[in-house]
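In case you want the letters, here they are:
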Amino acid sequence: MDSEKWGIIGGGIMGMTLSHRLSQKGKNVTLFEAASELGGLASSWKMDDVEWDKFYHVILLSDFRTRNILKEIGLEDELNWVETKTGFYINRKLYSMSDTIEFLKFPTLNLIDKFRLGLTIIVASRIKNWKRLEKIPVTTWLNLWSGKNTFNKIWLPLLRAKLGESYKKTSAVFIWATIQRLYGARRSGLKKEMFGYVSGGYKKIIKSFKETLIAQNVVIKTNHSAKAVKKLSTGKIEITFKSGFTEQFDKVIVTLPAGISAQLCQGLTQAEIQKLNGIEYLGVVCVSVLLNKPISEFYITNITDSWVPFTGVIEMSALVDKKYFNGNSLIYLPKYVTSDDKIYDQSDEEIKESFIEIFKKMYPWIKQEDIKFAGVARARNVITVAKLNYSENLPEIKTSIPDLFIINTSHIKDGTLNVNETVRVAESKLNEILEKS
Ligand SMILES: Cc1cc2nc3c(=O)[nH]c(=O)nc-3n(C[C@H](O)[C@H](O)[C@H](O)COP(=O)(O)OP(=O)(O)OC[C@H]3O[C@@H](n4cnc5c(N)ncnc54)[C@H](O)[C@@H]3O)c2cc1C
């Protein structure tokens with residue numbers, strides 16, 4: 001083994017991928033995670049007697065980097081591919097929008113509006129040069145291609161649902177990346193959605209990934225919350241943990257959200273701190289519900305009605321075999337909010353109550369006694385707001401402190417937040433670091 005000692009802070013997919021690739025190159029790696037288990041946003045939790053992802057996750061056919069990791073950790077054969085459907089909830093009614101005929105029957109839009117909506121999707125899926133879209137507000141771009149009517153009836157409610165009021169400062173790269181990802185999920189010709197999951201969910205992925213890391217001699221230290229990182233006069237980088245424990249490394253990579261990384265790393269320049277703090281995040285509050293019956297045939301139901309407090313309805317059991325949920329249906333009700341939103345002051349009980357009340361209004365055949373479990377998961381720094389000229393204002397991976405690097409999902413500049421993009425950033429940025437050092 002190479003004697004160079006690397007410390008990685010953050011045991012989510014980013015930190016795990018970095019540790020995996022570094023250890024494959026023979027580096028001596030220690031991975032630190034604040035929680036008691038690895039996984040971060042991709043970790044699982046218990047809902048009564050069911051254990052599944054805390055936040056809903058699917059794998060797309062085009063997620064080649066994720067699939068490659070699955071192969072390396074021995075889970076390739078555990079992937080299941082399922083044809084799924086998409087629904088829309090508009091003016092208190094559910095509609096299917098999963099093929100061309102359903103698209104043509106779609107309510108509230110006339111034929112010209114529908115044509116323009118379809119055209120927008122085709123145009124976005126054909127654009128290769130995303131860079132010029134960074135200069136255009138998403139609202140301007142969508143109005144241009146879809147027209148005012150379609151924008152107001154479809155895009156605006158969807159943008160609000162996904163980005164809150166931050167949609168106003170978001171560039172057209174956001175919608176381009178979203179359409180590109182979903183379009184890639186459709187098989188050419190059939191235009192059907194194929195989504196995938198691993199039997200056992202991310203719990204199994206994280207477990208196998210962890211076992212692979214251990215087999216590659218990565219030292220994993222959970223319950224280690226980093227408090228400070230600094231360069232010593234000896235040239236080593238020292239990490240201090242909340243417990244008071246310290247450890248020294250030749251090189252350290254921090255994978256935490258930009259603002260938190262700025263607080264952690266001591267000795268950064270003012271310009272670096274400003275750039276890191278300039279990255280804005282959206283958080284998510286997500287209610288999971290276990291029900292004794294299905295609610296629809298849709299994996300995703302997009303919502304355009306503004307009286308519904310959540311962004312969409314994700315029926316995991318429309319994708320995943322119900323045997324993993326003991327025969328129940330698993331539904332997620334996510335809401336994306338700015339990280340200072342008042343919802344974070346509400347208790348889990350308050351959030352559950354308000355979301356489930358509306359959920360029951362949307363699906364009036366659901367009774368309280370059908371609900372076997374409801375729980376709230378929250379995360380504050382999840383998706384970065386893709387503002388105008390986003391990629392030009394990103395902090396450098398290599399900080400001004402020699403041997404200290406910050407790599408996180410804010411470096412996804414031409415994609416949506418997902419595991420595949422997270423792996424892509426980890427792998428490509430690590431190559432940059434290793435080539436230069
Ligand atoms: C609601 C939701 C739905 C999603 N759906 C999908 C999907 O369908 N498909 C898909 O591919 N992806 C999806 N994703 C995205 C995916 O979960 C992320 O891309 C990925 O998990 C990001 O990993 P990360 O390591 O960058 O961040 P994180 O998972 O946030 O990891 C950071 C880690 O650092 C730890 N940490 C924090 N502070 C400290 C500290 N001081 N010291 C040490 N450790 C610390 C945290 O505990 C955490 O484990 C979804 C995410 C969410 C929230």
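Residues numbered from 1 in each chain as written. Predicted model: local features only at pLDDT ≥ 70, side-chain atom pairs only at ≥ 80, totals over all residues. Heavy atoms only, no water.

A. Layout of the overall build of the chain. The number of helices and strands found in the chain is eleven helices and 19 strands. Relative to the globule expectation of 22 Å for 437 residues, the C-alpha radius of gyration of the chain, 22 Å, shows essentially globular dimensions. Here the C-alpha coordinates of the chain stretch approximately 70 × 50 × 45 Å along the principal axes. Taken over 437 residues, the chain has a buried fraction of 54%. For the chain, contacts bridging at least 24 residues in sequence account for 70% of all contacts bridging at least 6. Summed over all atoms, the accessible surface of the chain reaches about 19,200 Å², with 52% contributed by carbon and sulfur. In the chain, the 61 positive side-chain charges and the 48 negative ones have mean positions that sit 4 Å from each other. (Helix = DSSP H or I, 4+ residues; strand = E, 2+ residues; numbered from the N terminus. Rg over C-alpha atoms; globule rule 2.2 N^0.38 Å. Buried < 20%, exposed > 50% of the residue type's maximum accessible area, 1.4 Å probe, protein only. Contact = heavy atoms within 4.5 Å. Areas by Shrake-Rupley, 256 points an atom, 1.4 Å probe, with all protein chains shown as cover. Lys, Arg positive; Asp, Glu negative; His and termini not counted. Charge placed at Lys NZ, Arg CZ, Asp CG, Glu CD.)

B. View of the site of the ligand. Lining the immediate environment of the ligand, one finds 30 residues, of which Glu33, Leu41, Tyr56, His57 and Val419 sit closest. At 2.9 Å, a backbone N or O of Met14 approaches an oxygen atom of the ligand. Within the backbone of Gly40, one N or O atom sits 3.4 Å away from an oxygen atom of the ligand. Alone, the ligand offers 1,000 Å² of accessible surface; in the complex the protein occludes 87% of this. Listed by contribution, the elements that provide at least two residues to the shell around the ligand are helix 1 (13-24) and helix 11 (419-436). By residue class, the composition of the shell around the ligand is 17 nonpolar, eleven polar and two charged. (Near = heavy atom within 4 Å. Polar contact = N/O pair within 3.5 Å; in protein donor to acceptor, adjacent residues only side chain to side chain. Nonpolar A, V, L, I, M, F, W, Y, C, P; charged D, E, K, R; others polar.)

C. Representation of empty space enclosed by the protein within the structure. In this structure the tally under the stated criterion is two cavities of 30 Å³ or more. Residue lining of the largest cavity: Ile13, Thr66, Ile69, Leu70, Tyr202, Ile205, Phe209, Val419 and Val423, and that is the complete set. The set of elements that each furnish at least two residues to the lining of the largest cavity consists of helix 2 (64-72), helix 7 (201-215) and helix 11. Around the second largest cavity sit Trp52, Asp53, His57, Ile59, Gly196, Tyr197, Val198, Gly201, Tyr202, Ile205 and Met316, which together line it. Looking at the lining of the second largest cavity, the elements that each hand over two or more residues are strand 4 (50-53), strand 8 (193-198) and helix 7. Among the residues making up the lining of the second largest cavity, the classes are represented as seven nonpolar, three polar and one charged. (1 Å grid on protein atoms, 1.4 Å probe; cavity = no way out; pocket = protein on both sides within 12 Å on 5 of 7 lines; lining within 4 Å. Points joined across faces, edges and corners; volume = space filled by probe spheres on them.)

D. Quick look at the packing of aromatic side chains. Applying the stated criterion to the full structure yields 16 aromatic pairs. With 4.6 Å between their ring centres and 45° between their planes, Phe32 and Phe241 make a pair best called tilted. In this pair, Phe32 is assigned in strand 2 (residues 28-32) and Phe241 in strand 11 (residues 237-241), connecting sequence segments 209 residues apart. Pair check on accessibility: Phe32 and Phe241 agree, each one buried. Measuring from centroid to centroid gives 5.8 Å for Phe32 and Phe249, while their planes differ by 80°, and the two rings are edge-to-face. Within this pair, whereas Phe32 is found in strand 2, its partner Phe249 is found in strand 12 (residues 246-249), the two being separated by 217 residues in sequence. Of the two residues, Phe32 and Phe249, neither departs from the other in class, the shared state being buried. Grouping aromatic residues by their ring pairs yields a cluster made of Phe32, Phe241, Phe245 and Phe249. The ring of Phe249 carries the charged tip of Lys5 above its face, separated from the ring centre by 4.8 Å. Its end group placed over the ring of Trp307, Arg92 keeps NZ or CZ at 4.2 Å from the ring centre. (Phe/Tyr/Trp six-rings, centres within 6.5 Å; stacked < 30°, edge-to-face > 60°. Lys NZ or Arg CZ within 6 Å of the ring centre and 35° of its normal.)

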